[in-house]
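# What the coordinates show
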Amino acid sequence: CGKWKYKKSKWCRYLKKLKKDFLYSSLFLGIIGAIYFALIFFLGPWLFKLVFGLKWEKSGIYAKYLIGYIISTFIVSSLSAILLSLEKIKENSIWQITKTSTILILCFFSYSSVENFIKIYTICNITLYIIYFILILCKVFKYEREISEN
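In this report, the structure presented in the accompanying data block is examined.

## Thoughts on helix α4 (residues 89–106)
Residue pairs spaced three or four apart in an α-helix point in one direction, given the helix's 3.6 residues per turn. Between its terminal C-alpha atoms α4 stretches 26 Å, which fits the 26 Å expected from 18 residues at 1.5 Å a residue. When α4 is considered as a whole, its buried residues turn out to be N92, W95, K99, I103 and L106. In an axial view of α4, the angular spread of the buried residues amounts to 65°, which keeps them on one side of the axis. Opposite the packed face of α4, turned more than 90 degrees from it, sit the exposed residues K90, I97 and L104. On the buried face of α4, the contacting elements are α2 (57–79), α3 (81–85) and α5 (114–149).

Printed below as a string of structure tokens:
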């Protein structure tokens, strides 16, 4: 680990395992996410009505719209600790500021319905989390290249 600044990182002792663990974790979280996505997206309104009563069907519709955002948050946020372990604080901070700014900007527009706002909110967040995942993936592969060169 000689020249690496992140000696305290768990990954420093297992340099070659980072990419493999990242990919397996991504796959595992993706499978869990896909199950929940399918359940809520296709059965959400019906499930909410069945479990909570007739008045909750609208909440099931909202859940159907939001499930993509929730799943992307679940998957990518679970993997985001990798950026911190690689001491990529700047990149992580830029992403956090971009995400917060984007959501705040959404507040300045008017929407014809709550459903339209939720759909746009979800699309923005899914897009941001895809970008975040790609950022993490790039940093993991860059890290792997750097340690293989040494």
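## Considerations on unusual backbone geometry
Backbone geometry places E87, a non-glycine residue, at a positive phi of 55°. Relative to the assigned elements, E87 resides in the loop between α3 and α4.

## Focus: the packing of α2 against α5
Contact pair α2 / α5: the axes reach a minimum separation of 9 Å and the direction vectors enclose 15°. When the axes of α2 and α5 are compared, the pair comes out roughly parallel. As α2 packs across α5, the resulting crossing turns out to be left-handed. Of the residues in α5, those in contact with K58, Y62, Y65, L66, G68, Y69, S72, T73, V76, S77 and L79 of α2 are V114, E115, I118, K119, Y121, T122, N125, I126, Y129, Y132, F133 and I136. Within the contact of α2 with α5, the residues separate by chemical class into 14 nonpolar, 6 polar and 3 charged.

## Thoughts on the packing of aromatic side chains
A complete count under the given rule lists 12 aromatic pairs for this structure. Measuring from ring centre to ring centre gives 5.3 Å for Y69 and Y121, while their planes differ by 75°; the resulting arrangement is edge-to-face. Highlighted residues: Y69 in helix α2 and Y121 in helix α5, separated in sequence by 52 residues. Owing to a relative accessible area of 15%, Y69 belongs among the buried residues under this scheme. Among the aromatic residues, those joined into a cluster by ring pairs are Y69, W95, Y111, F117, Y121, Y129 and Y132.

## Regarding a nonpolar patch on the surface
Judged by side-chain polarity, Y36, F37, L39, F41, F42, L43, W46, L50, V51, F52 and W56 come together as a nonpolar surface patch covering roughly 1100 Å² of accessible area. Topologically, V51 is positioned in helix α1 (residues 17–52). Look at V51 and you get exposed, because its relative accessible area is 56%.

## Examining the packing of α4 against α5
At a minimum axis separation of 11 Å, α4 and α5 run at an interaxial angle of 170°. Comparing their axes, α5 and α4 come out roughly antiparallel. Touching E91, N92, W95, Q96, T98, K99, T102, I103 and L106 of α4 are F117, I120, Y121, C124, N125, L128, Y129, Y132, L135 and K139, all from α5. Residues that form the contact of α4 with α5 fall into these classes: 11 nonpolar, 5 polar and 3 charged.

## A look at the nonpolar core
I82, Y132 and I136 are the most contacted members of the largest nonpolar core, which has 26 residues in total. Of all the elements in the fold, those that place two or more residues in this core are α1, α2, α3, α4 and α5. Broken down by element, this core gets its largest block of residues, 8 residues, from α5. Not counting residues within four places of it along the chain, the set of residues in contact with I136 comprises F22, V76, L79, S80, I82 and L83.

Basis of the calculations
- Residues numbered from 1 in each chain as written.
- Predicted model: local features only at pLDDT ≥ 70, side-chain atom pairs only at ≥ 80, totals over all residues.
- Heavy atoms only, no water.
- Helix = DSSP H or I, 4+ residues; strand = E, 2+ residues; numbered from the N terminus.
- Expected span 1.5 Å × (residues − 1).
- Buried < 20%, exposed > 50% of the residue type's maximum accessible area, 1.4 Å probe, protein only.
- Arc of directions from axis to C-beta.
- Contact = heavy atoms within 4.5 Å.
- Axes fitted to C-alpha atoms, helices over the stretch in contact; angles between N-to-C directions.
- Parallel < 35°, antiparallel > 145°, perpendicular 65-115°, else oblique.
- Left-handed = near helix turned anticlockwise from the far one by under 90°.
- Nonpolar A, V, L, I, M, F, W, Y, C, P; charged D, E, K, R; others polar.
- Phe/Tyr/Trp six-rings, centres within 6.5 Å; stacked < 30°, edge-to-face > 60°.
- Patch = residues over 30% accessible without salt bridge, like charges linked within 9 Å, V, L, I, M, F, W, Y side chains within 5 Å.
- Areas by Shrake-Rupley, 256 points an atom, 1.4 Å probe, with all protein chains shown as cover.
- Salt bridge = Lys/Arg side-chain N within 4 Å of Asp/Glu carboxyl O.
- Core = buried A, V, L, I, M, F, W, Y, C linked by side-chain atoms within 4.5 Å.

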